[in-house]
Amino acid sequence: MENAEKIINKIKKVLELSKNNPSEKEAQAAALKAQKLMAEYHISMEEVSGIEDSENISEECTNVGTGNKWKYRLSTIIARNFRCQHFYYGKSTVVFYGYKTDAEIATETFKYLFNMGNKLATKFYNKKKKECKEIGISFYGKGIKNCFLIGFLDGIAEILEKQCTALMIVTPKEVEEAFKERTKDCKTTKNRLNTRSYYAKESWEEGKRSGKNAIGSRQLAMA
């Protein structure tokens, strides 16, 4: 288990370092780095030490409040690309379910991208508001952040899933079976974001650019 702790700490440092220069590029790079480290850890260590057999399937929780419905899709994207399943306790707590190492890495990456997405969406909202004020026109801000965040999610998903396919990352069968049993009596939740906005297309496009932002050809070269 010492090796598992080392890889988790390494990923935490990757995410923490990128916070010192918060940008969409850093967010994407950190997520890809975390994903690749996770994949390399299990691909290499599994062959020689049976790391999965020595780890318990566990739950890792993070409370991000009752608002921000985009967290539901973000958690789906992260779980799918970090060998986990996921569910929720109420409307505020996201739970990643998988081998302990995978679940902890998924949680750290989720928290980082959740905070980054909210910061970037707010920044874009304030930018559009300022532009309208400067030229003396009415500002219709409803739905801007949601449209931006949907684009951000689309960009994140596109790049992470491309690397996930290349690294052959799959959720372990044991996790799938345990999750099915764990959630057999759970209720499903449906949440939709309000995307009716005067700036819908522009907001979505800017969000997607922020999610991808110049990483595409670099994701497999990161060391």
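Before reading on, note that the structure itself is shown above.
One structure accompanies this document, and this report is about it. (Residues numbered from 1 in each chain as written. Predicted model: local features only at pLDDT ≥ 70, side-chain atom pairs only at ≥ 80, totals over all residues. Heavy atoms only, no water.)

### Here we look at the overall build of the protein
For the protein, the count of helices and strands is eight helices and three strands. Along the protein, helices and strands appear, N-terminal first, in the series α-α-α-β-α-β-β-α-α-α-α. When each of the 223 residues of the protein is scored for burial, the buried share is 48%. Counting only contacts in the protein whose residues sit at least 6 apart along the sequence, the fraction spanning at least 24 positions is 80%. When the accessible surface of the protein is summed, it comes to about 12000 Å², and 50% of that surface belongs to carbon and sulfur atoms. (Helix = DSSP H or I, 4+ residues; strand = E, 2+ residues; numbered from the N terminus. Buried < 20%, exposed > 50% of the residue type's maximum accessible area, 1.4 Å probe, protein only. Contact = heavy atoms within 4.5 Å. Areas by Shrake-Rupley, 256 points an atom, 1.4 Å probe, with all protein chains shown as cover.)

### Let's talk about the sheet that holds strand S2 (residues 85–89)
If you trace the three strands from one edge of the open sheet to the other, you get S1-S3-S2, paired in antiparallel fashion. Every interior strand has two partners, whereas the edge strands, strand S1 (57–63) and S2, have only one. Going from strand to strand, the sheet's axes swing by 25 degrees on average, the running direction of each strand aside. As defined by bridge partners, S1 adjoins strand S3 (residues 93–99) across seven bridges and the pair is classed as antiparallel. Bridging from a neighbouring strand, Glu59 pairs with Tyr97 of S3. (Pairing = 2+ DSSP bridges. Axes fitted to C-alpha atoms, helices over the stretch in contact; angles between N-to-C directions.)

### Some thoughts on the packing of helix H4 (residues 70–81) against helix H6 (residues 144–166)
Contact geometry for H4 and H6: axes closest at 10 Å, N-to-C directions at 5 degrees. In terms of their interaxial angle, H4 and H6 are classed as roughly parallel. Residues Trp70, Arg73, Leu74, Ile77, Ile78, Arg80 and Asn81 of H4 pack against Leu149, Ile150, Phe152, Leu153, Asp154, Ile156, Ala157, Leu160, Glu161 and Cys164 of H6. Class assignment of the residues belonging to the contact of H4 with H6 gives a composition of 12 nonpolar, one polar and four charged. (Parallel < 35°, antiparallel > 145°, perpendicular 65-115°, else oblique. Nonpolar A, V, L, I, M, F, W, Y, C, P; charged D, E, K, R; others polar.)

### Describing the side chain of Ser58
Mapping Ser58 onto the fold places it in strand S1. Relative accessible area serves as the criterion here: at 17%, Ser58 is assigned to the buried category. Aside from chain neighbours lying at most four places away, what touches Ser58 is Phe96, Tyr97, Gly98, Lys100 and Ala103.

### Regarding the pairing of S3
The buried count for S3 comes to seven of seven residues, which makes it a mostly enclosed element. Bridging between S2 and S3 involves five bridges; their strand directions are antiparallel. Of the residues in S3, the one forming a bridge with Tyr89 is Thr93. The hairpin turn running from S2 into S3, its antiparallel successor, is three residues long, and Gly90 in that turn takes a positive phi close to 65 degrees.

### A closer look at the nonpolar core
Residues Leu74, Ile78, Phe82, Phe96, Phe110 and Leu160 are the most contacted members of the largest nonpolar core, which totals 45 residues. Looking at this core, the elements with two or more residues in it are helix H1 (2–19), helix H2 (24–49), H4, S3, helix H5 (100–135) and H6. Per-element tally for this core: the top contributor is H5, with 11 residues. Those residues in contact with Phe96 that lie beyond four places of it in its chain are Ser58, Glu59, Glu60, Ser75, Ile78, Ala79, Gln85, His86, Ala103, Ala106, Thr107 and Phe110. Counting residues in hydrophobic clusters, the runner-up holds six residues, among them Val95, Tyr97, Val175 and Phe179. (Core = buried A, V, L, I, M, F, W, Y, C linked by side-chain atoms within 4.5 Å.)

### Some points on the environment of Ser210
Structurally, the position occupied by Ser210 is in helix H8 (residues 200–212). Sequence spacing of Ser210 and Gly117 is 93 residues, and the spatial spacing of their C-alpha atoms is 8.9 Å.

### What about the pattern of salt bridges?
Going through the model one piece at a time under the given rule, you end up with 10 salt bridges. We note a salt bridge from Asp102 to Arg83, for which the minimum N-O separation is 2.9 Å. Of this pair, Asp102 sits in helix H5 while Arg83 sits in the loop between H4 and S2, and the two are 19 residues apart along the sequence. Arg83 carries the same exposure label as Asp102, and that label is buried. Through salt bridges with shared partners, one network takes in Glu60, Lys100 and Glu104. (Salt bridge = Lys/Arg side-chain N within 4 Å of Asp/Glu carboxyl O.)

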